[in-house]
Amino acid sequence: MTEKANNPFESIWAAQKNLFDTWQKTVSGEEAKEADETGKDYAKVDFYKTWMDMNTKLLADTARKFGVGMAGESFERMSAGADTYYNLFKFWQDLSGKTASESAEAVASMTKKWQKEYMEVLSNSFSAYIPQPYQVFFKDPTDVMKNYMDLTSKFYQPWNMSSDQFSGMFDQSLFTGSDAYLNFAKFWKENYDQTLGKFIQSPASGIGKEYYELQMQSFDSFMKYMTTLGEFTALMQKVGKETYIDLMNDYQSMLQSDVQPKTFKEFYEYWWKKNESAYGKLFITEDFARLLAQVVDAGTTYKRKMGELIEQQMEFMPIPKKADMDSLYRSVYEMKKELRSLRKEMKDILEKKKQE
Amino acid sequence: MNLMRMNPMVDVEGSMNEVLELQKKMIRGASLMMEMGDDDKVNITPKEVVFKEDKLKLYRYVSNEDQCVTPTLVVYALVNRQYMMDIQPDKSVIAGFLEKGLDIYMIDWGYPTQDDKYLTMDDYINGYIDDCVDHIRSTRKVDKINLLGVCQGGTFSVIYTALHPEKVKNLVTMVSPIDFGIENGLLFNWGRHLNIDNMVDTMGIIPGSMMNNAYMMMKPFQLMLDKYVSMAQNMDDPVALSNFLRMEKWIFDSPGQAGETIRQFIKDLYQGNKLIKGELEIGGQLVDLKRIDVPLLNVYAEYDHLVPPESSIPLNDYVSSTDKETMAFPVGHIGMYVSSRSKKEIVPVISDWLLSRS
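Residues numbered from 1 in each chain as written. Chains lettered and ligands numbered in written order. Predicted model: local features only at pLDDT ≥ 70, side-chain atom pairs only at ≥ 80, totals over all residues. Heavy atoms only, no water.

Let us now look at the overall build of chain A. When its secondary structure is counted, chain A shows 14 helices and zero strands. For chain A, the sequential pattern of α-helices and β-strands runs α-α-α-α-α-α-α-α-α-α-α-α-α-α. Residue burial in chain A is summarised as follows: out of 356 residues, 43% are buried. Contacts in chain A between residues far apart in sequence, at least 24 positions, make up 68% of those at least 6 positions apart. As displayed, chain A offers around 20,300 Å² of accessible surface, 56% of which is attributable to carbon and sulfur atoms. (Helix = DSSP H or I, 4+ residues; strand = E, 2+ residues; numbered from the N terminus. Buried < 20%, exposed > 50% of the residue type's maximum accessible area, 1.4 Å probe, protein only. Contact = heavy atoms within 4.5 Å. Areas by Shrake-Rupley, 256 points an atom, 1.4 Å probe, with all protein chains shown as cover.)

Structure representation (structure tokens):
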């Protein structure tokens, strides 16, 4: 009889389960009532969140290393979903607590506090599905735009003639939401096309002409991709914010008629369906379809220009270029096609011969 | 914040317990995942490779039942993998067809690589599909076979039948896009503005992950959040977990798309809607839907958000078949194959229709 393998993970799972059982007793039932009477601060829930984040990461890392097939990736997606679920729970706690019993000022203060944090919850829900290099661009386009502004002010000072108008619009976009940001992004793009963009796209001369032009083209494609992407993410955030305000108003009305979700699960169902419906209405519009196509096109152009630049840089190395490989693929394709055609001809000829 | 001072009409304690129970289920589920071996339930209906060409494999499924004289070739879409029709024994549409007595062949398109970037729709339809049809006809000694096309495979099957009506006995299309000029399909709206030339010239093979991102974006909250939250709540159920992981594997197992094929598919169909206009050319030949005069069964899903019914239904108006009908089922696009209805209701209807005409 073989001995049972000494599986350290069984102890980890048992310890985890005990932990959650302990937390469950702590935040509800007798201990909670006692804490309320003594007026203890219930920041334990936030401490629990920190502990949960650490454990979720441990489980996700373990599942990724040892999971079979899709297990690791799926567990990470489930962890991301559970994380969003928990963050939404915190939002719902505030919403249910403050809107029912507190003053209008407290409600307004809560609304303002959650306006930013809510958008983080929303973007964190989906950022895990975006390719790693692009995730940062979906978190907060205003942060990304600020970096671009720093870059342009350092290196392209002569171009920054309209900086007064710019900085005013930029400040407005930070504080008044996505409409102002959309206007800022459009104005920035127009300015760029008419000034620095013209300089970037102008033909070069001299011995390094080709390489210099490639560099400028790749930079230009990068700028266009960033501005288009910024416009896209601002639009997505705008819908998220509008839905948030809608949700707050809706919840107030539901409270007054006592038809509000009674449990967090009910609230979660209501929340995600409301958001799905709002984004669905945006996605079906012609304007969104055009903008999405522009983002994809700008990203594709950027990829192509970067590829050409890298190929130019690697020209001295014994590595075939894309054009070399494409030529080879084309030759193979043509040969296969001819072979197929000849095979069919032969088959027809043989069949005719059989019949004779 | 004091939990006990929340709205008295809200079940705080119950809600907190729900959240904690979710975490406990995830712990148990992670433990289950670690114990899972290779999936031994997917794509297991016995079959043999009867024909190969480049990356294509043609399978014939093995059956113990008395089989229909006319073989049926299943033409799956290029955008996903065909084993979804044999996802697990209790939901296998293929196994269902075999039990009903159909003789099933299926094309496995394989995974295109960069050397396939120049493959055109003509290569797929007049090349690969025609070669498979001819192979079946010669080995089974029949003049005509049944064609069953799934989604984009249905579009290809329709085009094939219009170009080679003499080789097709009966045609079944399932959730197949035919009219691409509809207003209420997200993919159709989005495809209309795509600069596919730039994409194909840059990438050659359009990555499967890119297609997946587009599908998920159509229902972001449902497909990227709720699906996983709901699953986490059942994660301690080994059967539910393994079924879920099996579907997940299929969903993300998307092949790349041959550049020239998707270029024409987007430009001529999504953007030009040339098929029903009678302007589509494949291999230099005009595709005339009126040349389809074989019995036609056009199956669509009522809750299909990928290929809305309005895109599938019109096919029957453009063919000259006299024996033709549409059939709707209250399922979604994928539900047509993996829901509880697929084996119980959908398979018998299609099988009986084919058997009575074979």
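Having seen the model, we can carry on.
Looking now at the overall build of chain B. Helices and strands together make up the secondary structure of chain B, namely 15 helices and twelve strands. Computed over C-alpha atoms, the radius of gyration of chain B comes to 22 Å, within 12% of the 21 Å expected from 2.2 N^0.38 for 358 residues, which places it in the range of a compact globule. Projecting the C-alpha coordinates of chain B onto the three principal axes gives extents of approximately 75 × 50 × 40 Å. Burial status across chain B gives 63% buried among its 358 residues. (Rg over C-alpha atoms; globule rule 2.2 N^0.38 Å.)

Time to look at the sheet that holds strand β11 (residues 296-301) of chain B. Residues and elements named next belong to chain B. The strand order β1-β2-β4-β3-β5-β6-β11-β12 describes an open sheet built from eight strands, whose pairing is mixed. Whereas interior strands pair on both sides, the edge strands pair on one side only; in this sheet they are β1 (47-53) and β12 (324-329). Neighbour to neighbour, the strand axes of the sheet diverge by 20° on average, direction disregarded. The sheet contact formed by β11 and β12 spans six bridges and is parallel. Each bridged residue has a counterpart across the sheet, and for A301 the counterpart in β12 is F329. (Pairing = 2+ DSSP bridges. Axes fitted to C-alpha atoms, helices over the stretch in contact; angles between N-to-C directions.)

A separate point is the confidence of the model for chain B. On average, residues of chain B carry a pLDDT of 91, and 96% of them reach 70 or more. Scoring of the predicted complex yields 0.80 for pTM and 0.88 for ipTM. (pLDDT = per-residue confidence, 0-100.)

For the structure shown, the criterion picks out 23 aromatic pairs over all chains. For the ring pair F232 of chain A and F288 of chain A, a centre distance of 5.7 Å and an interplane angle of 35° mean the geometry is tilted. Of this pair, F232 of chain A sits in helix α11 (residues 209-256) while F288 of chain A sits in helix α13 (residues 286-313), placing them 56 residues apart in sequence. Judged by relative accessible area, F288 of chain A falls into the buried class, the value being 1%. Here F180 of chain B and F188 of chain B contribute two aromatic rings whose centre-to-centre distance is 5.7 Å and whose plane-to-plane angle is 40°, an arrangement assigned as tilted. (Phe/Tyr/Trp six-rings, centres within 6.5 Å; stacked < 30°, edge-to-face > 60°.)

A few words on the packing of helix α4 (residues 152-163) of chain B against helix α10 (residues 259-271) of chain B. When two helices pack together, their arrangement is given by the angle between the helix axes and the distance between those axes. All names here are of chain B. Close contact between α4 and α10 brings their axes to 14 Å; oriented N to C, the two are set at 80°. Between α4 and α10, the angle falls in the class roughly perpendicular. Contacts from Q152, T155 and F156 of α4 reach α10 at T261, F265 and L269. The residue makeup of the contact of α4 with α10, split by class, is three nonpolar, three polar and no charged. (Parallel < 35°, antiparallel > 145°, perpendicular 65-115°, else oblique. Nonpolar A, V, L, I, M, F, W, Y, C, P; charged D, E, K, R; others polar.)

So, on to the pattern of salt bridges. Taken as a whole and assessed by the stated rule, the structure comprises 37 salt bridges over all chains. In this structure, E53 of chain B and R340 of chain A form a salt bridge, with 2.6 Å as the shortest nitrogen-oxygen distance. Of this pair, E53 of chain B sits in strand β1 while R340 of chain A sits in helix α14 (residues 322-355), placing the two residues on different chains. This pair shows no difference in class: E53 of chain B is buried, exactly as R340 of chain A is. Among the salt bridges present, the one from D131 of chain B reaches K344 of chain A, with a minimum N-O distance of 3.3 Å. With D131 of chain B in helix α3 (residues 121-140) and K344 of chain A in helix α14, this residue pair bridges two chains. Three or more residues joined by partner-sharing salt bridges are found here, namely K336, R340 and K344 of chain A together with E53, D54, D130, D131, D134, R137 and K167 of chain B. (Salt bridge = Lys/Arg side-chain N within 4 Å of Asp/Glu carboxyl O.)

Before going further, it helps to examine a nonpolar patch on the surface. All names here are of chain A. Taken together, the side chains of I310, M314, F316, M317 and I319 present a nonpolar region at the surface, about 490 Å² in accessible area. Secondary-structure assignment places I319 in the loop between α13 and α14. For I319, a relative accessible area of 44% translates into the label partly exposed. (Patch = residues over 30% accessible without salt bridge, like charges linked within 9 Å, V, L, I, M, F, W, Y side chains within 5 Å.)

So, on to α10 of chain B. All names here are of chain B. Most of α10 sits out of view: ten of its 13 residues are buried. Looking at α10, one finds that the buried residues are G259, T261, I262, R263, Q264, F265, I266, D268, L269 and Y270. Just downstream of α10, N273 is the residue with a positive phi angle, here 50°.

Here we come to the side chain of S312 of chain B. Among the secondary structure elements, S312 of chain B is positioned in helix α12 (residues 309-312). Within the structure, S312 of chain B has its side chain in polar contact with the backbone oxygen of S176 of chain B (distance 2.8 Å). (Polar contact = N/O pair within 3.5 Å; in protein donor to acceptor, adjacent residues only side chain to side chain.)

Before going further, it helps to spend a moment on unusual backbone geometry. Residue and element names in this part refer to chain B. At D54, a residue that is not glycine, the phi angle is positive and equals roughly 50°. The residue D54 is located in the loop between β1 and β2 (56-61) in this model. The phi angle at V175 is positive, at roughly 45°, despite the residue not being glycine. One can find V175 in the loop between β6 (168-174) and α5 (186-191).

This part covers the environment of D326 of chain A. By secondary structure assignment, the location of D326 of chain A is in helix α14. The contacts of D326 of chain A, once residues within four sequence positions are left out, are K117 and Y118 of chain B.

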